[in-house]
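# Commentary on secondary and tertiary structure
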Amino acid sequence: MNILITGGAGFIGSYLAEHLLSEGHQVRVIDDLSTGRKENIAHLEDKDNFLFIEGSILNYKLMLKYVSECDHIYHLAAAVGVKYIVEHPLESLITNVRGTEIALELAYVFRKKIFLASSSEVYGKNGKQAFKETDDRVLGPVSISRWGYAFSKGLDEFLAMGYFRSDRLPVVIGRLFNICGPRQSPHYGMVIPRFVEQALKNEPITVYGDGSQVRSFTFVLDAVEAMKRLMNEPKSEGEIVNIGSSESIVILELAKKIKEYTNSSSEIKFIPYIDVYGPDFEDMLCRRADIAKMQSLINFSPKVKLDDMLKSVINEYRNGSR
Ligand code: UDP
């Protein structure tokens, strides 16, 4: 198959590209390198079946050419990371809304199956213990930029479902829960590479708020496997599916684990959210995935435990492969 990955030079997209190439597919990646990096795909560039196109998903002509030529699309290009979104609110909205509109519209015109990478962020501050796909979404005020991201991803999902409902366009929507692993950049706010880097430099580990917030982390290769299986499962068409792990951790505990695994002398420092993101910010206290739907659709559960994820990221830094 000829597979187009938008955002394929990003952290998740680069693993997906590698995986699909290993299965013998032709892979084409469109990425504007805004948050993606050439280094993520450097090891793929000499492969015959691989083509990297540097360009934006907002470039309609470029997208038209590559969507028309492919069989399947994985649409991963999006604004990424809480820090990035708070610092670039308008760009983030335009990429997420206009970019996805273009990808879906062209998938519709050329009748191509499309996977939409959405986010657990869409649940917002729903106070439930574990989020199910049919749960209410609880978003805060427009004055807080972060909710714009949740809103834009929700709109992307509505658009995709609109194409499915009105004309049976084969779409699959995956809500990704805190994906992590080697190659993830610490620059856009992601907690694991940040804590690992801080710990290895024996600098303060910066826990935001009181550290009681909860997250479920998912190893990138498990997420890639789930995305691919969902895309290849006809019953997933027109479905929204959580892609996450059922294991969860409190952020302060995460900081302590990383300090221990790196034998670091770092202090654990609590930083008020206001000092990091300014006054107009809200965090989600608890974000856990209910993965029953993913399990029943594709008979798959994430294999990699949090401890092993942390060790693989720590090894990456220690080996100097960053
Ligand atoms: N976090 C933290 N210190 C950091 C970066 C993040 O305590 O240096 C917290 C953040 O407040 C959030 C959690 O770690 O509660 C996960 O943050 P991340 O930005 O990785 O993803 P999110 O789940 O917020 O999208």
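Our subject is the structure that appears above.
Notes on the structure in this doc start here. (Residues numbered from 1 in each chain as written. Predicted model: local features only at pLDDT ≥ 70, side-chain atom pairs only at ≥ 80, totals over all residues. Heavy atoms only, no water.)

Another aspect to go through is helix α1 (residues 11–22). With 12 residues, α1 should reach 16 Å at 1.5 Å per residue; the first-to-last C-alpha distance of 17 Å fits that figure. Burial runs high along α1: 10 of the 12 residues are buried. Those residues of α1 that fall on the buried side of the exposure criterion are Phe11, Ile12, Gly13, Ser14, Tyr15, Leu16, Ala17, His19, Leu20 and Leu21. A positive phi of about 90° marks Gly24, the residue just after α1. (Helix = DSSP H or I, 4+ residues; strand = E, 2+ residues; numbered from the N terminus. Expected span 1.5 Å × (residues − 1). Buried < 20%, exposed > 50% of the residue type's maximum accessible area, 1.4 Å probe, protein only.)

Turning next to the packing of helix α7 (residues 191–200) against helix α12 (residues 306–318). Geometry of a packed helix pair, given as the angle between the helix axes and the separation of the axes. Closest axis-to-axis distance for the α7/α12 pair is 10 Å, and the angle between their directions is 55°. The angle between the axes of α7 and α12 places the two elements in the oblique class. Crossing angle aside, the handedness with which α7 passes α12 is right-handed. Across the interface between the two elements, Ile192, Pro193, Val196, Glu197 and Leu200 of α7 pack against Leu306, Leu310, Val313, Ile314, Tyr317 and Arg318 of α12. Class assignment for the residues of the contact of α7 with α12 results in 9 nonpolar, no polar and 2 charged. (Axes fitted to C-alpha atoms, helices over the stretch in contact; angles between N-to-C directions. Parallel < 35°, antiparallel > 145°, perpendicular 65-115°, else oblique. Left-handed = near helix turned anticlockwise from the far one by under 90°. Contact = heavy atoms within 4.5 Å. Nonpolar A, V, L, I, M, F, W, Y, C, P; charged D, E, K, R; others polar.)

Inspection of every chain in the model, using the stated rule, returns 23 salt bridges. Across the salt bridge formed by Glu69 and Lys65, the nearest N and O atoms sit 2.9 Å from each other. Of this pair, Glu69 and Lys65 both sit in helix α3 (residues 60–69), 4 residues apart, roughly one helical turn. Given a relative accessible area of 38%, Lys65 falls into the partly exposed group. Beyond isolated ion pairs, a larger network of salt bridges with shared partners links Glu121, Arg146, Arg215, Asp283 and Arg287. (Salt bridge = Lys/Arg side-chain N within 4 Å of Asp/Glu carboxyl O.)

Turning our eyes to something else, we now look at the site of the ligand. In the region of the ligand, 18 residues are neighbours, and Arg194, Thr206, Arg215, Asp283 and Arg287 sit closest. At 2.8 Å, a backbone N or O of Val191 approaches an oxygen atom of the ligand. Arg215 is positioned with one of its side-chain polar atoms (N or O) 2.5 Å from an oxygen atom of the ligand. Burial of the ligand by the protein chains amounts to 94% of its free accessible area of 510 Å². (Near = heavy atom within 4 Å. Polar contact = N/O pair within 3.5 Å; in protein donor to acceptor, adjacent residues only side chain to side chain. Areas by Shrake-Rupley, 256 points an atom, 1.4 Å probe, with all protein chains shown as cover.)

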